[in-house]
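# Architecture and fold: a report
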Amino acid sequence: MAWSKRESGLVAWCLFQRYFLVGSNPAETKYRVLKIDRTEPKDLVIIDDKHVYTQQEVRELLGRLDLGNRTKIGQKGSSGLSRAVSAFGIVGFIRFLEGYYIVLITKRRKMADIGGHAIYKIEDTNMIYIPNDSVRVTHPDEARYLRIFQNVDLSSNFYFSYSYDLSHSLQYNLTVLRMPLEILKTETTQTRQESFDIFEDEGLSTQGGSGVFGICSKPYEKYVWNGKLLEAVKNTVHHDWLLYIIHGFCGQSKLLIYGRPIYVTLIARRSSKFAGTRFLKRGSNSEGDVANEVETEQILYDASVMSFSAGSYSSYVQVRGSVPLYWSQDISTMMPKPPITLDQADPFAHIAALHFDQMLQRFGSPIIILNLVKEREKRKHERILSEELVAAVTYLNQFLPPEHAIIYIPWDMAKYTKSKLCNVLDRLNVIAESVVKKTGFFVNRPDSYCNVLRPDEKWNELGGCVVSTGRLQTGVLRTNCVDCLDRTNTAQFMVGKCALAYQLYSLGLIDKPNLQFDTDAVRLFEELYEDHGDTLSLQYGGSQLVHRVKTYRKIAPWTQHSKDIMQTLSRYYSNAFSDADRQESINLFLGVFKPVEGKPHLWELPTDFYLHHKNTLSLSQTRRSYTYWWTTGVLKHLPLPFDEVTCAENRRKLTVKKFHKYEEEIDIHNEFFRPYELSSFDETFCLAMTNSTRDFMPKNVGIDPSPFTVRKPDETGKSVLGNKSNREETVLQRKTAASAPPPPSEEAVSSSSEDDSGTDKEDEGAVSQRSTPVKVTDAGDNTKITENVVQSTKDVYGVNLSDVPSEDDITIYARFVQLGQSQHKQDKSSQQFCSKHQLDRVINLIPISSFSQDNIYEVQPPRADRKSIEIFHAHIQAGKGNMQPLGKDDFLMYREYIRNRYL
């Protein structure tokens, strides 16, 4: 089975009465044409003939259009067909008070690659007004709406893919691909290609083995940001024209394990429901959609094998989002921390029930809540949310089976951060281990034989669902603080780091599911997560992260404090002055507000509360049960998510089509390597992406190249290549780290997370053993620093040359000498200085190559088998002009080539 591909190139041609959008596949062998009428002042009239054109047919069509619309035959003039714009896809269509606009992607940049499917970031867009000037009816407020709409910067963190569904997780996408073949045959669409096909009768026989099923699933609407923009044409045009975009973050880095490329990808999907800025969108709306809801997925796969069916892929998903209650903060007081108020009483946890019902459908059980808000405060502020959330979870758990109950973990992260006696990340690591063991993770291959033969203790305790094809993640961790920014990002990083260790272990890349700080792998992952946190923080809060992982490790440099202050001021300024305009833009872009003639304009509304809470405009005709608060059918399939279960309701979300195995649409090799394009190594994505060896591994000679080796604090590729002024600080920090005791083990930290919120007994415990940077206060210390710049041979080469070689090293050297002497075929009398034990170890060596003699001076070629000899003789005969008769497969391949190339 394979994904069905979509158009990747688009050209808009302009006539006075129509726009013609010509879309092509990457090889430019197949085309579709979309016709847009320009004579309607306010209506959108689109014609899609759903015909697949060849390159020659498109040229003839455009030529006839150009020729027929000139003022005189044979005369080139401005009245003919003109090229308006080249683009990579359609974002959608939007109308304010005049006619419709079309939004096109005019510039893109590749950000990631998953199994040969490219993920692009939108770099630039173009809005084109469709009606021509002769029928345009102007409105004085049109320009203002246009300006508000364009405040949503589409070139900032919007992503799309032609062939991979970004709105769903990797687990969902690969679960759909593994659907039983019998079900797909019944669901296969009966539509036939309308273009003439001379091989139509012998191409796709349902009985033969030449058919490949292509699957296209409906996107998950919550994470699609242009759903309303495509609503006007969704049921009119072919689905190849529909390009769904997500908003959030996408980053990918290459982890090289002794040359083996492992791609680490981080994808964050921001919800388009109840979307907005920090203080203007808090809590939840009436449908259970919460503010700042982001689904973060980390994908790990071996890039040496691209295929989804043959490759090794793993993923782990976690969620952040505001506390699912009716609450808000009044920003009119201009306070840095406005008071939290509960807007409505909800004794039956109706809003929380709607929210957790959505999560049970998408993720299964258990749902784990990690609540990081403050528990002890002089003035009751954040604790208001904790008390209400506990009451809601307690009420909902009464009606769920105990094995599927919602797990609630409160932990006051801010209190432990301020304490000098507690280590925040060690305690988070304990929580992360327990969470990953409960939810498990996704991997598309069965456990390795080495893991079955010698399983790790923690591996046997791992949760999730084990199936014949691998493992499935069941349930999800939902992390929240008040803003879901700084504390939440650090907690998610620690859980992701723990899950990454299990993912690497499941793919057979490490021998134990543990990863330590200050290794190349964790540094690469930490940089990805910091970019992820900065991006999400800018989108919701207006500034980058204030507190980072290094802040909680207490190894951040002193210059970081001034940066934190600047980020705090930037966030305050954005919240006070620019968030209202951004909120209006988001409401207009997402279709929450639609301009209507004669009704108040967007900027005239006193509040947008009723726009996001639909129950304020009309009462629901159906009332949900207070006890059976979940959707029918969800509970029956737990712990599996309902969305991934094979049932009639989910099959209706799929479009299945059968392709020939030689179709270009499903040829992943041509899609990825692009043999029809001129490639430049300087522009190749896999060479330009962040690389653990190039960017993180120290450049010293003799360094262990493993990305799982613990390095010294600032010993990375970036710091070693940095300027000279940073080297003295690097040396000083190395001295400090070398003199510090090792960090405490996980067993030394209490695993109880529910006791953390009550008292401060932990403050009396042992002092954290993490090292902290030492401040340079005396100028006389510079002489000591200079002395340590000259490193010892132990630091440079990994061995002290003054040490006497060990007995094992001497034995290995003696074997090496004896092997060299035996290759020269010297007389045995010259070998009597070796002991009998050493001679036995040399004589009993077995050649491992295909040659009969493993010798650099004498080579006997291996014998070729009969099939190889026949192929060689056929090649010789072909060179002489004597061609072999072609078989049925050869004819079929040649016909497919002719049809795709010329017809």
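These numbers come from a predicted model, not from an experiment.

With that out of the way, let us pick up the overall build of the chain. Across its full length, the chain carries 29 helices and 25 strands. Burial analysis of the chain (903 residues in total) assigns 49% to the buried set. By sequence separation, contacts in the chain at least 24 residues apart represent 72% of the contacts at least 6 residues apart. Counting every atom, the chain has about 45,900 Å² of accessible surface; 54% of that belongs to carbon and sulfur.

In this section: helix H7 (residues 383-397). With 15 residues, H7 extends 21 Å between its outermost C-alpha atoms, agreeing within 8% with the 21 Å of an ideal straight helix rising 1.5 Å per residue. For H7, every residue scored as buried is listed here: Ile384, Leu385, Ser386, Leu389, Ala392, Val393, Tyr395 and Leu396. Tucked into the core, H7 has its buried residues touching strand E16 (327-329), strand E17 (340-342), helix H6 (350-363), strand E18 (367-371), strand E19 (407-410) and strand E23 (476-480).

This part covers a positive patch on the surface. Taken together, Lys337, Lys378, Arg379 and Lys418 make up a surface patch of like positive charges. Mapped onto the elements of the fold, Lys378 is located in the loop between E18 and H7. Given the relative accessible area of 91%, Lys378 is considered exposed.

Let's shift gears to the confidence of the model for the chain. On average, residues of the chain carry a pLDDT of 79, and 76% of them reach 70 or more. A low-confidence stretch, residues 1-5 (pLDDT under 50), is modelled with 33 contacts involving residues beyond four sequence positions or located in other chains.

The geometry of two aromatic rings is summed up by the distance between their centres and the angle between their planes. Here the structure, examined in full by the defined rule, presents 28 aromatic pairs. Where Phe158 meets Phe589, the ring centres are 6.1 Å apart and the plane angle is 55°; that geometry is what we call tilted. Placement of the pair is Phe158 in strand E10 (residues 158-160) and Phe589 in helix H15 (residues 559-589), with a sequence separation of 431 residues. On the basis of relative accessible area, Phe158 is assigned to the buried category, the value being 2%. Between the aromatic rings of Phe348 and Tyr395, the centroid separation amounts to 6.1 Å while the plane-to-plane angle is 65°, which identifies the pairing as edge-to-face. With a gap of 47 residues between them, Phe348 in the loop between E17 and H6 and Tyr395 in helix H7 connect regions that are remote in the sequence. Overall, Tyr395 belongs to the buried group, its relative accessible area being 14%. Through pairs of rings, three or more aromatic residues link up here, namely Phe96, Tyr101, Tyr129, Tyr145, Phe149, Phe158, Trp225, Phe589 and Trp603. Over the face of the ring belonging to Tyr120 we find Arg108, whose NZ or CZ atom lies 4.3 Å from the ring centre. The lysine or arginine in question, Arg144, covers the ring of Trp603, its NZ or CZ lying 4.1 Å from the ring centre.

So, about the environment of Ile130. In this fold, Ile130 is placed in the loop between strand E9 (117-129) and helix H2 (142-150). Take Ile130: its relative accessible area is 2%, and that puts it in the buried class. Sequence spacing of Ile130 and Tyr101 is 29 residues, and the spatial spacing of their C-alpha atoms is 5.6 Å. Setting aside anything within four residues of it in sequence, one finds Ile130 in contact with Tyr19, Ile36, Asp37, Arg38, Leu44, Phe93, Tyr100, Tyr101 and Ile102.

A word on a nonpolar patch on the surface. Where nonpolar side chains cluster on the molecular surface, the patch consists of Tyr894, Tyr897 and Tyr902 and spans about 400 Å² of accessible area. Along the polypeptide, Tyr894 turns up in helix H29 (residues 888-902). Residue Tyr894 is classed as exposed on the basis of its relative accessible area, which comes to 52%.

The next thing to look at is the packing of helix H12 (residues 486-506) against helix H13 (residues 520-541). Taken N-terminus to C-terminus, the directions of H12 and H13 make an angle of 145°; their axes are 10 Å apart at the nearest point. Seen along the crossing, H12 lies across H13 with a hand that is right-handed. Judged by residue contacts, Asn489, Gln492, Phe493, Gly496, Lys497 and Leu500 of H12 engage Val522, Phe525, Glu526, Tyr529, His532 and Gly533 from H13. Here the residues of the contact of H12 with H13 sort into 5 nonpolar, 5 polar and 2 charged.

Strand order across the open sheet formed by 5 strands is E5-E4-E3-E2-E6, with antiparallel pairing between neighbours. The sheet is open, and its two edges are formed by strand E5 (46-48) and strand E6 (82-87), each paired on a single side. When the angles between neighbouring strand axes are averaged without regard to direction, this sheet yields 20°. In this sheet, E6 lies alongside strand E2 (residues 9-14) in antiparallel orientation, the contact comprising 5 bridges. Across the sheet, residue Val11 finds its bridge partner in E6, namely Ser86.

It is worth spelling out the side chain of His381 at this point. Relative to the helices and strands, His381 resides in the loop between E18 and H7. Since its relative accessible area comes to 9%, His381 is described here as buried. Excluding anything up to four places from it in sequence, His381 contacts Gln329, Lys337, Pro338, Pro339 and Ile340.

The next thing to look at is helix H28 (residues 866-879). Between its first and last C-alpha, H28 extends 20 Å over 14 residues, near the 20 Å set by a 1.5 Å rise per residue. Among the residues trailing H28, Gly881 stands out with phi positive, at a value near 100°.

This part takes up the pairing of E19. Direction of pairing for E18 relative to E19: parallel, over a ladder of 4 bridges. Counted as the bridge partner of Ile369 is Tyr408 from E19. For the segment spanning E18, H7 and E19, crossover handedness is right-handed.

Taken as a whole and assessed by the stated rule, the structure comprises 28 salt bridges. Its salt-bridge partner being Glu461, residue Lys437 comes within 2.9 Å of it at the nearest N-O pair. Taken together, the residues span a long stretch of sequence, with Lys437 in helix H9 (residues 424-439) and Glu461 in the loop between helix H11 (457-460) and strand E21 (465-467) at a distance of 24 residues. A salt bridge links Arg866 to Glu870; the nearest nitrogen and oxygen atoms lie 3.4 Å apart. Linking Arg866 with Glu870, this pair stays in helix H28, spanning 4 residues, or about one helical turn. Using a relative accessible area of 68% as the deciding quantity, one classes Arg866 as exposed. Through salt bridges with shared partners, a single ionic network connects Arg269, Glu295, Glu297 and Arg362.

The rules behind the values
Residues numbered from 1 in each chain as written. Predicted model: local features only at pLDDT ≥ 70, side-chain atom pairs only at ≥ 80, totals over all residues. Heavy atoms only, no water. Helix = DSSP H or I, 4+ residues; strand = E, 2+ residues; numbered from the N terminus. Buried < 20%, exposed > 50% of the residue type's maximum accessible area, 1.4 Å probe, protein only. Contact = heavy atoms within 4.5 Å. Areas by Shrake-Rupley, 256 points an atom, 1.4 Å probe, with all protein chains shown as cover. Expected span 1.5 Å × (residues − 1). Patch = residues over 30% accessible without salt bridge, like charges linked within 9 Å, V, L, I, M, F, W, Y side chains within 5 Å. Salt bridge = Lys/Arg side-chain N within 4 Å of Asp/Glu carboxyl O. Lys, Arg positive; Asp, Glu negative; His and termini not counted. Charge placed at Lys NZ, Arg CZ, Asp CG, Glu CD. pLDDT = per-residue confidence, 0-100. Phe/Tyr/Trp six-rings, centres within 6.5 Å; stacked < 30°, edge-to-face > 60°. Lys NZ or Arg CZ within 6 Å of the ring centre and 35° of its normal. Axes fitted to C-alpha atoms, helices over the stretch in contact; angles between N-to-C directions. Left-handed = near helix turned anticlockwise from the far one by under 90°. Nonpolar A, V, L, I, M, F, W, Y, C, P; charged D, E, K, R; others polar. Pairing = 2+ DSSP bridges. Right-handed = clockwise from strand over helix to strand, strands pointing away.

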